[in-house]
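Examination of the molecular architecture
Now for the letters of each chain:
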Amino acid sequence: MISLFLVLFFIVDARRDSSTELIFGGVEGGTIKSDYVPPAQVVEDEADELGGLKWPDIDITEHQYSIVNDNNLLSAVYYPDVEVIDANYVTYYGTKFDAETMPYLIAMLDAVREAGFSIYVNSGYRSYSYQEQIFNGTASSIAESMGITGKEAYMKPEYQEAVEKARHITNYPGASEHQLGLAVDLVDRYHGTLKYDNMNQEMFAWLDAHCFEYGFIKRYPQKKLLLTGWDESWHYRYVGVEAATFIMKNDLCYEQFYAHYDPEFEY
Ligand SMILES: [Zn+2]
């Protein structure tokens, strides 16, 4: 479906420079009359009229655009190419981030510091198994608070209730963007904690106004809670400058952006 969509896009794009008719090598027997408007373009025109938006021409299947959430899980053996972030920028030594994208992260952090703020990466890449550990920790403390205790508490049927509750507090294994290597949780001081209201709001205001210049978006803003399911105003995610600029300037969350490129995507 995605490739068909892109092919139609290509056709429409090429059609603009043509006078009468076009033949495409990529589409078998594809002869398109100049007055023919493919269905995808009709939808595009409507969207353009509705929002006046000029959506970037991107390939949504590229790594940097991966969508990860409760309905789109990464596999346990998904390992991106990550490297350790310079110790000067992190709260915990050894925190990792996507190797190719590292310069964008460092440039953004440097810019925040040059603007006069203190900033550190509290959390970066997390493996599936590490996310699993965090999740199991959340589930077992919920279970404990519900009185489900004992050596094999997790074997009890009511433990499942604790697991369901945990899904609203901690990302399920495979459902965390941190496994992509493209997400960071940012804090305003060394060993700062993720309590948004206690952090420097001017620093976050600066980030929200400039993060897209470095290819990052604020991934879970409070006002999009009903669409993303999460309120994590400290969490920023790399998607590239083009997409980030579009998303931040048009006040979209990533699910809204992604759905435009994948008609089968639901959120
Ligand atoms: Zn995060």
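Further up the page is the structure itself.
The notes below deal with the structure included here. In this text the structure is predicted, and so the values were computed from the model without any measurement. (Residues numbered from 1 in each chain as written. Predicted model: local features only at pLDDT ≥ 70, side-chain atom pairs only at ≥ 80, totals over all residues.)

**Quick look at the environment of Ala 111**
Note the threshold: Numbered from the N terminus, helices here are DSSP runs of H or I no shorter than four residues, and strands are runs of E no shorter than two. With C-beta atoms placed from the backbone, the exposure class of a residue follows from how many other C-beta atoms lie within 10 Å of its own: 20 or more, buried; 12 or fewer, exposed; in between, partly exposed.
Within the element layout of this structure, Ala 111 appears in helix α3 (residues 102-114). A tally of 17 C-beta atoms within 10 Å means that Ala 111 is categorised as partly exposed. Separated by 100 residues in the primary sequence, Ala 111 and Cys 211 place their C-alpha atoms 9.7 Å from one another.

**With respect to the sheet that holds strand β5 (residues 120-123)**
How we decide: A pair of strands is labelled paired if DSSP reports no fewer than 2 bridges between them. Whenever a helix is involved, its axis is fitted only over the stretch in contact; in every case the axis is a line through C-alpha atoms, and angles between N-to-C directions fall within 0 to 180 degrees.
Spatially, four strands are ordered β5-β6-β8-β7 in an open sheet, and the strand pairing comes out antiparallel. Of all the strands in the sheet, just β5 and β7 (216-220) have a single pairing partner and so form its edges. Across the sheet, the mean angle from the axis of one strand to that of its neighbour is 50 degrees, orientation sign disregarded. Relative to strand β8 (residues 232-238), strand β6 (residues 183-187) runs antiparallel, the two sharing three bridges. In the strand pairing of β8, Asp 185 is matched with His 235.

**What to know about the pairing of β8**
Within β8, six of the seven residues are buried, leaving the element largely enclosed by the surrounding structure. Judged from the four bridges that link them, β7 and β8 form a sheet pairing that is antiparallel. Bridge assignment links Phe 216 to a residue of β8, and that residue is Tyr 238.

Nothing here speaks to function; it is all geometry.
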